[in-house]
Amino acid sequence: IVWGITKDENRGTVVAAWSGRVVAVFVFTLPFLQAWWTGRRPDLVGIVFAGMVGAYLYAGASDALKRARLMSRVPALQARSLVRPALVVPHDLPLAEALRRLEGTGARALAVTDSGGTVVAVAQEDAVAAVPVERRPWVPASSVSTTLAPDARLHVALAGDPLLRAMQDVPATDYAVHDDTGTVVGILTTKDVEKALGV
């Protein structure tokens, strides 16, 4: 009813979820209300049964409310604001040189290309940190990178539901984000999107 009146599915879900919580509390208190009404002692079996049903209803309503709150944040999602600006480097570039180039650029990620110049991998922060400083001049950037899925590509203008659908179509940890020209401008991580949603 709320969804039909307000034309807002999410608001309808929130109202339904809170209504479910109220019903759950009512079910739990029903044996005590019946006992008070009839003047009898509450039945233990009735209390246990009502408690189980009430807990089930309350948990379901709480899950629905959590989903509704999550979905309310979806329209604000924007690849442009969540993307980590990336410095694109060749796969055989020494890690020390890649990190030197990264300094002062404002980039927060290293995107690694193949021999043809296509971004195919992303350097992982923990893997980079694990390489001793003295070894970094001899370690190629590709050795501390994770290969991107071939279709893990997102347009920088994607936002809201289209962004989530694109990520669901190609589940991945990292995505290369490109502009209209096909140039990779940064890396979008699933972790950053989940954080923005409050997951």
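What counts, and at which threshold
Residues numbered from 1 in each chain as written. Predicted model: local features only at pLDDT ≥ 70, side-chain atom pairs only at ≥ 80, totals over all residues. Heavy atoms only, no water. Helix = DSSP H or I, 4+ residues; strand = E, 2+ residues; numbered from the N terminus. Rg over C-alpha atoms; globule rule 2.2 N^0.38 Å. Buried < 20%, exposed > 50% of the residue type's maximum accessible area, 1.4 Å probe, protein only. Contact = heavy atoms within 4.5 Å. Areas by Shrake-Rupley, 256 points an atom, 1.4 Å probe, with all protein chains shown as cover. Lys, Arg positive; Asp, Glu negative; His and termini not counted. Charge placed at Lys NZ, Arg CZ, Asp CG, Glu CD. Salt bridge = Lys/Arg side-chain N within 4 Å of Asp/Glu carboxyl O. Polar contact = N/O pair within 3.5 Å; in protein donor to acceptor, adjacent residues only side chain to side chain.

Draft legend 1. How the structure looks around the overall build of the protein. Of the regular secondary structure elements, the protein holds eight helices and seven strands. Against the compact-globule benchmark of 16 Å for 199 residues, the protein has a radius of gyration of 26 Å, which places it well outside the compact range. Across its three principal directions, the C-alpha atoms of the protein cover 85 × 40 × 30 Å. Considering the protein as a whole, with its 199 residues, one finds that 34% of them fall into the buried category. Of the contacts formed within the protein by residues at least 6 apart in sequence, a portion of 55% connects residues at least 24 apart. Only carbon and sulfur atoms are counted for the fraction: they give 60% of the accessible area of the protein, which is about 12400 Å². A gap of 10 Å separates the mean positions of the 20 positive and 19 negative side-chain charges of the protein.

Draft legend 2. Representation of the pattern of salt bridges in the model. Applying the stated criterion to the full structure yields four salt bridges. Between arginine 84 and glutamate 125 there is a salt bridge; the shortest N-O distance is 3.6 Å. Here arginine 84, found in strand β1 (residues 84-90), pairs with glutamate 125, found in helix α6 (residues 125-130); they are 41 residues apart in sequence, far enough to count as distant. For arginine 100, the salt bridge goes to glutamate 97, with nearest N and O atoms at 2.7 Å. With arginine 100 and glutamate 97 both in helix α5 (residues 95-102) and three residues apart, this pair spans about one turn of that helix. We classify glutamate 97 as partly exposed; its relative accessible area is 23%.

Draft legend 3. Spatial organisation of the side chain of serine 145. Mapped onto the fold, serine 145 is located in strand β4 (residues 145-147). Separated by 2.7 Å, the side chain of serine 145 and the backbone oxygen of alanine 141 make a polar contact. With residues near it in sequence (within four places) discarded, serine 145 still touches Val112, Ala121, Val122, Ala123 and Gln124.

Remember that the coordinates give geometry; whether it matters functionally is a separate question.
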